Amino acid sequence: MPGNPMNKTAISVILILLINASLLAHVEKTYYLTGKTETEEIAIELDEYGDVCLLRYITSNNIYEQIMEGKIPRPGRFELASFFIDSTTNTRMVKDSLILVEYEDDKWTGTWTYQDGEKETFELGPILIDSIGHPYASAIKKYDVSPFNAYRTRNTTFIDGKRRKIAPGIFIQEISDEKTGIQSFRVLPSKKKVPMTDSINEMLIADQLQFISGFYSCVNGEKGRIYDIKYDVHFINQHIISYTLITTTACRGARVQTSYSHQTRYMKNTDPVSMEDLFWFGSKPQPELIEGEYNWFQYRYKEFGPQVMDLLKNLYPEKFTTGNEVDCKYDNVKLWQLPTWYLTNDGLYLGSKSSMSNKNCDEAEWSVIPYKLLIPYISIDYLLLAGR
């Protein structure tokens, strides 16, 4: 089984193949398989798209992801290959090929044909989480880490970093993966302040495992590729956590991209918290709204946006009238109807966001509404400000 990462040319060819419209169709079924050749173990994620298929594989000697694509001539038979471009003839050539056959339920044979014509046949079966000895099997099962990603991260070792204070009596422990350096954190339990940490920490473990697997998919052993994860933790109390996930990537020839995902979750079950779970700016008693539906948009446009803009105007009048911010048009209510948001120790942060605005003005740091001004708008009995 080849253990070296594909060269850049081979990967470029695979990427061209992925553009094929048939491969962009909805995945009909995914198989997670593992087997052992004469020299190493192999783990496979096989996606079925009608009569074509896409396969990712890793081996015990090389956990950087390799890709094959192919066809399904009949149910239960998958014929796949990886390719490269011959630099002398500029011709697309088969590197290796693989035939997978499911001859009984969960029983497979694989026939690998190497570039030199040598063949090897081996047996495969499903990847079973309980059988791979993963140290974080509980988090994997609870938060749906795929069997393929579980297999790839089964030898993960986390290293404790700095202990950091978020608020009086509330601390987090920075955590990094020993091999990839992928970072995360855990909330440290506290009898009085944060008694419920098991669920959120298991979710953070599962997320970190996904990112570690993503690192191996992106970087693939080549220089010049970037896959970096950082967290900015803004707020924690016994009920809620609020943080920003910062992802910087440059994978497979793409330019460097940085994204920010603001997340606010319940500590006890990790469910996402919506703005309307916490605050209600409407004139009528709060109805049951579903984010993204018509009535939710009407509330955001007609009541939420104008109300929060008035609060911010009173707090930061200079941002709406004079100075460098005048070009940002912060007095345009559209910027405050669907803002990004998170909780901080000082108040509710709202990040103005508009496709029509100057991008340099989006998500400015100043737009925080103190909690004391939000008391009339608290929409749940969570006593968000308790202990603050």
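A quick note: this is a predicted structure, and the numbers were derived from the prediction, not measured.

A. The environment of Ser367, seen in detail. You can see Ser367 is positioned in the loop between β16 (347–351) and β17 (368–370). Judged by its relative accessible area of 1%, Ser367 falls in the buried class. As for Ser367 and Leu315, which are separated by 52 residues in sequence, their C-alpha atoms are 8.9 Å apart. Not counting chain neighbours up to four residues away, the residues in contact with Ser367 comprise Leu312, Tyr316, Trp336, Leu348, Tyr349, Leu350 and Gly351. At 2.4 Å, the side chain of Ser367 forms a polar contact with the backbone oxygen of Leu350. A distance of 3.5 Å separates a polar side-chain atom of Ser367 from the backbone oxygen of Ala364.

B. Main features of the state of the cysteines. Under the criterion given, the structure shown has 2 disulfides. Here Cys218 connects covalently by a disulfide to Cys251, the sulfurs 2.0 Å from one another. As the torsion about the S-S bond is roughly -105°, the Cys218-Cys251 disulfide counts as left-handed. Of this pair, Cys218 sits in helix α4 (residues 198–219) while Cys251 is found in the loop between β13 (240–250) and β14 (257–266), placing the two residues 33 residues apart along the sequence. Two residues share a disulfide in this structure: Cys328 and Cys361, whose sulfurs sit 1.9 Å from each other. Taking the sign of the torsion about the S-S bond as the criterion, the disulfide between Cys328 and Cys361, at about -70°, is left-handed.

C. Molecular detail of the confidence of the model for the protein chain. Per-residue confidence for the protein chain averages 87 on the pLDDT scale, and 88% of its residues sit at or above 70. Long-range and interchain partners of residues 3–24, a stretch whose pLDDT sits below 50, account for 39 contacts in this model, where long-range means more than four residues apart. Within the model, the stretch residues 381–388 combines pLDDT values under 50 with 18 contacts to residues more than four positions away or in other chains.

Reading the values: the criteria
- Residues numbered from 1 in each chain as written.
- Predicted model: local features only at pLDDT ≥ 70, side-chain atom pairs only at ≥ 80, totals over all residues.
- Heavy atoms only, no water.
- Helix = DSSP H or I, 4+ residues; strand = E, 2+ residues; numbered from the N terminus.
- Buried < 20%, exposed > 50% of the residue type's maximum accessible area, 1.4 Å probe, protein only.
- Contact = heavy atoms within 4.5 Å.
- Polar contact = N/O pair within 3.5 Å; in protein donor to acceptor, adjacent residues only side chain to side chain.
- Disulfide = S-S within 2.5 Å.
- pLDDT = per-residue confidence, 0-100.

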